[in-house]
Amino acid sequence: MAEKKIVVKGMSCGHCAGTVTKTLETTEGIRNVKVNLATGEVTYEEVSPVDAATIKDKITKAGYEVAG
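Residues numbered from 1 in each chain as written. Predicted model: local features only at pLDDT ≥ 70, side-chain atom pairs only at ≥ 80, totals over all residues. Heavy atoms only, no water.

A. Fine view of the environment of leucine 24. Secondary-structure assignment places leucine 24 in helix H1 (residues 14-25). A sequence separation of 16 residues divides leucine 24 from valine 8, and the C-alpha atoms of the two residues are 12 Å apart. Discounting chain neighbours no more than four positions away, the residues touching leucine 24 are Ile30, Val33, Val42, Tyr44, Ile55 and Ile59. (Helix = DSSP H or I, 4+ residues; strand = E, 2+ residues; numbered from the N terminus. Contact = heavy atoms within 4.5 Å.)

Shown next as C-alpha cells:
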C-alpha cells in the first residue's frame, strides 16, 4: 500500500472536506482518506493502482480542482 498526497483547491468548510473524502473513498483501490482543510492536502492509501486522471476527474466532477 502506498500513501499518496494531492492538493485540492476550492475546499472551504467541513462539507467540502466530506465531499472530497466520500468521492475518493468510493473509488476502487482507495481507502483511509484524510483531508486537511487549512492546507488543501488530501492523503490516502492506494491499495491497488488508481490512475491519476481518474482521481482528478472525480474531484473535478465533485466541484473542486486538483492542483498541479
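So that's the structure; there's more coming.
B. Inspection of H1 at higher detail. End to end, H1 covers 16 Å across 12 residues, agreeing with the expected 16 Å (1.5 Å per residue, within 8%). Looking at the buried residues of H1, the elements they touch are strand E1 (2-9), strand E2 (30-36), strand E3 (41-46) and helix H2 (52-61). (Expected span 1.5 Å × (residues − 1).)

C. View of the nonpolar core. Counting 15 residues, the largest nonpolar core has Val8, Leu24, Val42, Ile55 and Ile59 as the members making the most contacts within it. Looking at this core, the elements with two or more residues in it are E1, H1, E2, E3 and H2. Not counting chain neighbours up to four residues away, the residues in contact with isoleucine 55 comprise Ile6, Leu24, Ile30, Tyr44 and Val50. (Core = buried A, V, L, I, M, F, W, Y, C linked by side-chain atoms within 4.5 Å. Buried < 20%, exposed > 50% of the residue type's maximum accessible area, 1.4 Å probe, protein only.)

D. Representation of the state of the cysteines in the model. This model, assessed by the stated rule, comprises 0 disulfides. This cysteine, cysteine 13, is not joined by any disulfide, and cysteine 16 carries the nearest cysteine sulfur, 3.5 Å off. Classification of cysteine 13 by relative accessible area gives partly exposed; the value is 31%. For cysteine 16, a relative accessible area of 8% translates into the label buried. (Disulfide = S-S within 2.5 Å.)

Geometric values such as these leave the question of function open.
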